[in-house]
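The residues making up each chain are set out below.
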Amino acid sequence: MAELSTPDRAAVLAALDRVRDPKSGRGLAAAGLVQALVVGPDRAGFMIEVAAADAALYAPVRDEAEAVLRKVSGAGKVQVVLTAAAGGTGASAERPPDPGIVRVRRGARLSPQAQAQMSPAQPTAALKPANVRHVVAVASAKGGVGKSTVALNLAVAMAMLGRRVGLLDADVYGPSIPRMSGLDAEPELNAERKLVPLEAWGLKIMSIGFLVDEGAPMIWRGPIASSALNQMLNDVAWASEAAPMDVLVIDMPPGTGDVQLTLAQRVALSGAVVVSTPQEVALIDVRRGVAMFEKTHVPILGVVENMAYFPDPSTGEPIPIFGRGGAKTTAEALGAPFLGEIPIEVALRQACDDGRPFVADGGDSAASKAFLSIAERVLDALDHTSLKPPPRIVFED
Ligand SMILES: Nc1ncnc2c1ncn2[C@@H]1O[C@H](COP(=O)(O)OP(=O)(O)OP(=O)(O)O)[C@@H](O)[C@H]1O
Ligand SMILES: [Mg+2]
């Protein structure tokens with residue numbers, strides 16, 4: 001049997017350069033249109049990012065590139081994804097497009113109120129996949145506080161409560177949902193050329209980690225990270241009229257930098273869940289996390305205190321390793337609901353490593369109960385949306 005061979009990258013790029021960029025007249029690679037090229041045994045793919053207005057112009061280019069890629073790579077699975085970024089300027093741009101600039105009609109005057117709401121990074125159009133009711137971000141200002149653990153278990157808990165739930169791993173720099181959910185298959189494209197999310201644990205799941213090989217260089221940066229998110233929201237078959245989705249949970253990358261801010265602004269979020277640990281330093285981060293969403297006018301659904309305490313192995317009594325209740329006090333002081341505390345459990349860490357959502361095991365441990373009750377509270381908040389809608393930019397006549 002012939003062994004699967006990895007196609008030569010240089011040969012692939014040279015072949016793609018024979019496909020013309022209709023705008024610049026240059027080859028695709030020379031024009032900078034070959035982004036995030038992945039070439040591996042039996043698979044090859046890349047992304048073309050163009051301005052939204054150019055999407056139709058580039059559709060045949062995508063098809064041609066796919067045909068060329070199939071021929072030169074000899075790979076069985078070939079995928080070229082065309083991503084149309086609102087506000088993007090495509091290949092001819094000297095600088096990467098700033099994904100967050102508001103385009104205001106020429107001559108339009110903004111009301112003073114709208115002007116006050118406009119920050120330089122206000123979104124052009126908030127993204128929300130069709131037939132998805134709520135999009136909820138799970139975020140933290142600091143890394144390693146258990147955001148992905150909470151996002152996965154919260155999503156599974158909501159599914160266990162009877163909702164149709166999706167999980168989007170938007171941590172383009174260090175996706176951990178593939179490992180935590182035990183999935184590593186490659187999503188297929190459906191007839192509409194949308195990626196079909198993987199299904200497990202009662203969830204539909206998509207992660208950049210399914211598309212990029214582990215160990216492959218993470219070249220997703222700034223605008224590319226942002227367009228990868230676009231793609232994962234718009235080019236994934238999350239839901240349909242026949243099979244709508246109640247909640248799409250987004251596991252955000254850690255931090256409150258530009259990337260996170262952009263994500264928070266571009267996606268039509270119903271609300272955000274901020275995860276923290278009880279240490280003093282982490283609590284400062286709760287403030288930063290809450291402030292980020294306030295800046296972007298996203299309602300805070302609440303704060304979760306993770307690793308809140310360590311249950312005494314013999315008595316089960318809480319041992320507050322980092323002090324206790326700090327996140328609750330901080331949440332209250334900030335006027336954000338407190339959603340609950342999750343203890344440190346060795347079995348929970350083990351489950352993450354084994355690729356099983358802990359809550360799915362159905363045990364009646366404190367952590368499982370906490371995830372279910374947090375899920376109930378989040379659903380309750382979403383169902384009774386006294387939540388402020390995100391602000392709209394208002395044009396005066
Ligand atoms: N309550 C808990 N008890 C025990 N282990 C936990 C708990 N919460 C998280 N962990 C473990 O801590 C580690 C970090 O968790 P996780 O990856 O969810 O954090 P994160 O905030 O998403 O990190 P990153 O910022 O890198 O995305 C993981 O190994 C996870 O298994
Ligand atoms: Mg994470």
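Residues numbered from 1 in each chain as written. Chains lettered and ligands numbered in written order. Predicted model: local features only at pLDDT ≥ 70, side-chain atom pairs only at ≥ 80, totals over all residues.

### A short note on the overall build of the chain
Secondary structure assignment for the chain yields 12 helices and 13 strands. When contacts within the chain are restricted to residue pairs at least 6 apart in sequence, long-range pairs at least 24 apart make up 75% of them. (Helix = DSSP H or I, 4+ residues; strand = E, 2+ residues; numbered from the N terminus. Contact = placed C-beta atoms within 7 Å.)

### A look at the packing of helix H1 (residues 9-16) against helix H2 (residues 55-73)
Contact geometry for H1 and H2: axes closest at 9 Å, N-to-C directions at 145 degrees. At the point where H1 passes H2, the crossing takes the right-handed sense. In contact with Ala 11, Val 12, Ala 15 and Leu 16 of H1, H2 contributes Ala 65, Val 68, Leu 69, Val 72 and Ser 73. Taken together, the residues that form the contact of H1 with H2 break down as eight nonpolar, one polar and no charged. (Axes fitted to C-alpha atoms, helices over the stretch in contact; angles between N-to-C directions. Left-handed = near helix turned anticlockwise from the far one by under 90°. Nonpolar A, V, L, I, M, F, W, Y, C, P; charged D, E, K, R; others polar.)

### As for the site of ligand 1
Around ligand 1 sit 20 residues, and of these Gly 143, Gly 146, Lys 147, Ser 148 and Cys 352 come closest. If you list the elements that add at least two residues to the shell around ligand 1, you get helix H4 (147-160) and helix H11 (346-354). For the shell around ligand 1, a count of residues per class yields seven nonpolar, nine polar and four charged. (Near = placed C-beta within 6 Å.)

### Regarding the pairing of strand E9 (residues 271-276)
Summarising burial for E9: six of the six residues are buried, a large majority. Here E9 shows a buried face lined by Gly 271, Val 273 and Val 275 and a second buried face lined by Ala 272, Val 274 and Ser 276. Sheet topology places strand E4 (residues 132-139) next to E9; four bridges connect them, and they run parallel. Bridge pairing in E9 links Val 136 to Gly 271. In terms of strand pairing, E9 meets strand E10 (residues 300-306) through five bridges, oriented parallel. Each residue of the ladder has a partner; that of Ser 276, found in E10, is Glu 305. (Buried ≥ 20, exposed ≤ 12 C-beta atoms within 10 Å, placed from the backbone. Pairing = 2+ DSSP bridges.)

### Regarding unusual backbone geometry
Across residues other than glycine, the phi torsion is negative in most instances, and most of the peptide bonds are trans. Of note, the phi angle at Asn 131 is positive, near 65 degrees, even though the residue is not glycine. Here Asn 131 is to be found in the loop between helix H3 (112-117) and E4. Overall, the presence of 14 C-beta atoms within 10 Å leaves Asn 131 in the partly exposed class. If you check the backbone angles, Trp 201 has positive phi at about 55 degrees while not being a glycine. Relative to the elements of secondary structure, Trp 201 occurs in the loop between strand E6 (198-200) and strand E7 (203-207).

### Here we look at the nonpolar core
The biggest cluster of nonpolar side chains holds 88 residues, and the ones touching the most others in it are Val 136, Val 138, Leu 154, Ala 155, Val 249, Ala 272 and Val 378. At 10 residues, the largest contribution of residues to this core is made by helix H12 (residues 366-383). Setting aside residues no more than four positions away along its own chain, Ala 272 makes contact with Val 136, Ala 137, Ala 139, Phe 293, Val 298, Ile 300 and Leu 301. Counting residues in hydrophobic clusters, the runner-up holds 25 residues, among them Met 47, Ala 65, Val 72 and Ala 75. (Core = buried A, V, L, I, M, F, W, Y, C linked by C-beta atoms within 7 Å.)

### As for H11
Listed in full, the buried residues belonging to H11 are Leu 348, Ala 351 and Cys 352. Taken around the axis of H11, the buried residues stretch over an arc of 100 degrees, which confines them to a single face. Exposed side chains of H11 directed beyond 90 degrees from the buried face belong to Val 346, Gln 350, Asp 353 and Asp 354. Looking at the buried positions of H11, the neighbouring elements they touch are H4, helix H5 (177-181) and H12. Looking one or two residues past H11, Gly 355 carries a phi angle of roughly 80 degrees, positive in sign. (Arc of directions from axis to C-beta.)

### Some words on the confidence of the model for the chain
Put simply, the chain has an average pLDDT of 78, and 78% of its residues get 70 or more. Considering each helix and strand of the chain separately, the mean pLDDT is smallest for H3, with a value of 38, and largest for H4, with 97. Below a pLDDT of 50 lies the segment residues 386-397, which in the model reaches 23 contacts outside its immediate sequence neighbourhood of four places, other chains included. (pLDDT = per-residue confidence, 0-100.)

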